Amino acid sequence: MLLLYLEEGRRQLNSRCSHLEPWQIIGASVLTTLAVLWLKRFLFQRESLTSRIKKQVFRLVRKIPFVGDNIQKQLNKALDDMSHSLCTLKEGMSYTQQLPTKGLTQSQVMEKIKEYQTLNEVQWDKGCVSGAVYWGDETLTKLLVKVYGDFAWSNPLHPDIFPGVRKMEAEVVRMSCSLFNGGPNSCGTVTSGGTESILMACKAYRDMACERGVTFPEILAPVSVHAAFDKAAHYFGMKLVHIPLDQKTMKVDVKAMRRAISKNTAMLVCSAPQFPHGIMDPVEEVAKLAVRYDIPLHVDACLGGFLIVFMKKAGYSLTPFDFRVKGVTSISADTHKYGYAPKGSSVILYSDKKYRQYQYFVAPDWQGGIYASPSVAGSRPGGIIAACWATMMYMGESGYVEATKKIISTARKIRNDIHLCCTVLHTHPGVADRFIREVKEQVAIIMKNPSEKTTGMGAIYGMAQSIPDRSLVTEISRGFLDCLYSTEVPKSNFNSPRP
Amino acid sequence: MDYWSALEVYKEMLLLYLEEGRRQLNSRCSHLEPWQIIGASVLTTLAVLWLKRFLFQRESLTSRIKKQVFRLVRKIPFVGDNIQKQLNKALDDMSHSLCTLKEGMSYTQQLPTKGLTQSQVMEKIKEYQTLNEVQWDKGCVSGAVYWGDETLTKLLVKVYGDFAWSNPLHPDIFPGVRKMEAEVVRMSCSLFNGGPNSCGTVTSGGTESILMACKAYRDMACERGVTFPEILAPVSVHAAFDKAAHYFGMKLVHIPLDQKTMKVDVKAMRRAISKNTAMLVCSAPQFPHGIMDPVEEVAKLAVRYDIPLHVDACLGGFLIVFMKKAGYSLTPFDFRVKGVTSISADTHKYGYAPKGSSVILYSDKKYRQYQYFVAPDWQGGIYASPSVAGSRPGGIIAACWATMMYMGESGYVEATKKIISTARKIRNEIRKIKGVFVFGNPEVSVVAIGSEDFDIFRLSNALTSKGWNLNTLQFPSSIHLCCTVLHTHPGVADRFIREVKEQVAIIMKNPSEKTTGMGAIYGMAQSIPDRSLVTEISRGFLDCLYSTEVPKSNVSHMNGNGKAH
């Protein structure tokens, strides 16, 4: 049958080409092949076709004479408004643009520092802020600053010169592995924060995928996952495939994740819990997929890692999420969040040393000597690692369990659909009650006229969501970052309202 | 008109040849059926494309072939096993000799069940401090700590304490740190003679600064459709550029140095420029030999071909900007040179700030835009971050700011004077010693020593046994001393020069003797042709750093220098 059809096809083809000269046939088939390949490459890129078409359309819209000019005008106005209202200084203050010709004395420096502290208008120590500072207790701060001072000049890049910091870092990793029930082969490194931890995991899995010949490794992660995964994809030339959530539970849709798995999949991701809504993804179910398809699974516990490991002892149950679950190959957890260490420390843990090897970077041929570094940075502040170590020793299991109890009971009290990331500061007497009371009052006021327009900062957020051309939002956000580094005092700088 | 008629002739000739070719082709294919012709030409096209893709990859063909050969060698029954055995032995040896603890010490593997009190923690910390065997505060170490003065340390720690919980990720909550960071950037721009449009960000260190510049230029290259953006950098450039290439999917093209001056060969750089070139790099000065690359000449290339030029001044940035005022001349290297688009400089080196701060500066805001990362659609809100990290330690930025204010221009110029005069003295004295030589003409703080008469790592061993901790370099073998404020203290430089003289004299008695110990390992590491073995050993070294197991046979044979950076 098959042969018959082939024979028939051959004859058809031959008869159709009979009036063509051979060179024409050759030319036509070469061109067709090239065209097909080009089309294939055009259609299947790292960025999906629809996303590229959308971007191109918006790019063209912005070039249409009047429409584009108008958009640009609006954009410039938004940027101008931002630069005027953001980062304002108090009356009479200015920016230092150059080094002082003569160095200040110690007391002069401390005097000047006071000026910077008066800029603060948000009272984080009263518990009014979601997240940001997770404890900031005075005794702890004193201890940390003392320890930091002892190790201010140390640098784990030179383990022979600073063996003490080397030991501390190794111990922070080991203690964290123990907390997440890692086996004897579990390992990890200390990083400068959650973003670096996540970047490092993605980098390791990218290199693993590249080794087996994948050109565009894919990260399969819930929509709710931290933006650091977007960053990792952008940095390392990977593709982030967002898996939708179950709209009711806000957990990742495991079936959708299974469908998205392909030969390009470099890693699966779960959050425990995710940042936007504080929900624990179904780690156990996703881990089953990871085992079945032999794909590494990263559990992102950057935010709540040092809460969830103590929840059982604090009297709250959770489904397993750590290395006890077969299939979980790495976990990221921020010691500078609920580990109560000062900013600048986090851990990335692996179930086995073979994964960590891919995180390392080695340049064996560098003229300056063999260069080997475990994570993004070369030099690293040893003082912060020492302070992190000291915090963990000072808190001990008992201290963490106690703090976890307080935070979880406060959070359960609030359980509101507005995002508030509870910290120890919110557990202070009265803070939670005040928040609940004020949310109630405000919601009551809003509900009197539910369709009224939002104003101020809320309106900007609302507007930003409704802009279809996301590149505009990107541009405004870049402008925002520019403002942060601006050292020019806007001309009309008399009490413009703070957002 | 003549012109046209002359072309006419060529046109006719061309047509003739084409006609001839067509006839030839047709006659050759005459015995083939059309489907065969189609099949053959489709397959040939595919094969050519495949070949092209195989030959031109990010990694060059020779490098890939070399790797593949070594991979195969390691699979040959006896040879491979033997290599693996040797490798395991080396790794074992390393784990035994590296990171040893003192008698009776052990690792904390779990959180203490009950938290320690403040005094208990401080007591335990002491134990960690006793591990130190190298006395960096005596000026025996190359680089690493650039000052560490006591008054300065006190001030820094106080400032750090005031800002310990701050985080520039939340500028609305911590506006003070925001202002400080902006000012550190602005002051640095002023130092490097940036115009009003110059800008930058503070990062966590030199590596991050370099990564960010490469990322910005990669995104610029990608925007104009380049698939494999290339970094053109001297061989002597910092390994962070290798890292950037590896992270961001770029190709690092190493440009050779002039063997005498150790400066980059500008002609070779010009030849390497292609449509894939995303950026050019100069070091000011480079780490291995402390030589300033010819920034002005490379900048001319950058302008002519319209390619961004990054000047890596991570190591010496905060020296070179003060050298003129300190009385030492240098050729221009900063934003005054047209074509220089970005500069990286570490505040935590000769800026004397505590570890964890550096700046990356751009000549114009349009470049910095490419460094930013924005995720406009994140569920957690619009996410915009200037550099690698999300959260960042505000305390370190505040301490960096305070250091700059405390030092002021006067303090920096004073320190620069001392360091440069010490380095020049060492350079001049070493040049006088028979048997060794100084690489090129180091104008800043690093002096690299080599020898044509004996293995320089023997000198490294000898100096290590005298308590010195120098950097060992490879390709070519050399050692260097990076002068810091600690080396300007009375007697330190003199002692160094004297001991180098003495040791060289001893070695020169028998120049061909074999090197032993750590120096031999360095020599061996250079001579291994299969670089993947070196990579594996280095990974093993990193594993050791994180090891919390006490090796069984823990007889104290701490083997001096275990540096792998």
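Residues numbered from 1 in each chain as written. Chains lettered and ligands numbered in written order. Predicted model: local features only at pLDDT ≥ 70, side-chain atom pairs only at ≥ 80, totals over all residues. Heavy atoms only, no water.

Chemist: A description of the sheet that holds strand 11 (residues 446–450) of chain B should follow, citing residues and the corresponding values.
Modeler: Residues and elements named next belong to chain B. In spatial order, the strands read 10-11-13-12; together these four strands make up an open sheet with antiparallel pairing. Only two strands of the sheet have a single partner each, and these edge strands are strand 10 (437–438) and strand 12 (471–473). Where strand 10 and strand 11 come together, two bridges link them in antiparallel fashion. Bridge pairing in strand 11 places Val 438 opposite Ile 449. On top of the sheet, helix 14 (residues 394–432) reaches strand 10, strand 11 and strand 13 (478–482); it is set at about 15° to strand 11, its chief contact. (Pairing = 2+ DSSP bridges. Helix = DSSP H or I, 4+ residues; strand = E, 2+ residues; numbered from the N terminus. Contact = heavy atoms within 4.5 Å. Axes fitted to C-alpha atoms, helices over the stretch in contact; angles between N-to-C directions.)

Chemist: Which residues make up the interface of chain A and chain B, and what values go with them?
Modeler: With 163 residues of chain A in contact, the opposing surface of chain B contributes 171 residues. Both sides together, the interface formed by chain A and chain B hides about 15,100 Å², and carbon and sulfur atoms give 66% of it. Together, A:Trp153, A:Gln367 and A:Tyr485 form the three largest contributors to the area buried by chain A at its contact with chain B, with a combined 7%. Our count for the contact surface shared by chain A and chain B stands at five salt bridges. Note that A:Asp365 is salt-bridged to B:Arg531, the shortest N-O span being 2.4 Å. At the boundary of chain A and chain B, one finds 69 residue pairs in polar contact (both at pLDDT 80 or more). With 13 residues, the top contributor of residues to the side of chain A that touches chain B is helix 7 (residues 163–179) of chain A. (Buried area = accessible area lost by both parts, 1.4 Å probe. Salt bridge = Lys/Arg side-chain N within 4 Å of Asp/Glu carboxyl O. Polar contact = N/O pair within 3.5 Å; in protein donor to acceptor, adjacent residues only side chain to side chain.)

Chemist: How would you sum up the nonpolar core? Please name residues and give values.
Modeler: Counting 239 residues, the largest nonpolar core has A:Tyr340 and B:Tyr352 as the members making the most contacts within it. Membership of the second largest hydrophobic core comes to 58 residues, among which are A:Ala209, B:Ala213, B:Ala233 and B:Ala278. (Core = buried A, V, L, I, M, F, W, Y, C linked by side-chain atoms within 4.5 Å. Buried < 20%, exposed > 50% of the residue type's maximum accessible area, 1.4 Å probe, protein only.)

Chemist: Give a description of the UniProt feature "modified residue: N6-(pyridoxal phosphate)lysine" (unreviewed entry) in chain A that names residues and reports values.
Modeler: Within this structure's numbering, the places UniProt gives as "modified residue: N6-(pyridoxal phosphate)lysine" (unreviewed entry) are A:Lys337. Apart from the residues within four sequence positions on either side, A:Lys337 is in contact with A:Tyr134, A:Cys302 and A:Leu303. (UniProt positions renumbered as here; feature names shortened; annotations may be inferred.)

Chemist: Outline a positive patch on the surface, supporting the account with residue identities and numerical values.
Modeler: Residues A:Lys40, A:Arg41, A:Lys263, B:Lys52, B:Arg53 and B:Lys275 make up a contiguous surface patch of positive charge. For the positive patch, the secondary structure elements donating two or more residues are helix 2 (22–43) of chain A together with helix 2 (34–55) of chain B. B:Lys52 gets classed as exposed once you look at its relative accessible area, which sits at 52%. (Patch = residues over 30% accessible without salt bridge, like charges linked within 9 Å, V, L, I, M, F, W, Y side chains within 5 Å. Areas by Shrake-Rupley, 256 points an atom, 1.4 Å probe, with all protein chains shown as cover. Lys, Arg positive; Asp, Glu negative; His and termini not counted. Charge placed at Lys NZ, Arg CZ, Asp CG, Glu CD.)

Chemist: Outline the pairing of strand 5 (residues 297–301) of chain A, listing residues and values.
Modeler: All names here are of chain A. Among the five residues in strand 5, five count as buried, and that is most of the element. Residues of strand 5 alternate between two faces, with Leu 297, Val 299 and Ala 301 on one and His 298 and Asp 300 on the opposite face, all of them buried. As defined by bridge partners, strand 4 (residues 265–271) adjoins strand 5 across four bridges and the pair is classed as parallel. Paired with Cys 270 across the strands is Val 299, a residue of strand 5. The parallel pair strand 4 and strand 5 is bridged by helix 11 (residues 283–293), and the resulting crossover is right-handed. As judged from the five bridges shared by strand 5 and strand 6 (residues 328–333), these two strands associate in the parallel manner. Bridge pairing in strand 6 links Ala 301 to Ala 333. What joins strand 5 to strand 6 is helix 12 (residues 305–311), and the crossover it makes is right-handed. (Right-handed = clockwise from strand over helix to strand, strands pointing away.)

Chemist: Can you lay out helix 11 (residues 295–305) of chain B for me, pointing to particular residues and giving the numbers?
Modeler: Side chains three or four residues apart in an α-helix point the same way, a direct result of the helix having 3.6 residues per turn. All names here are of chain B. Looking only at helix 11, the buried set comprises Val 295, Val 298, Ala 299, Leu 301 and Ala 302. What you see down the axis of helix 11 is that its buried residues fit within an arc of 155°, all on one side. Facing away from the buried side of helix 11 by more than 90 degrees, the exposed set consists of Lys 300 and Arg 304. In this structure, the buried residues of helix 11 make contact with helix 10 (266–272), strand 4 (277–283), strand 5 (309–313) and strand 6 (340–345). (Arc of directions from axis to C-beta.)

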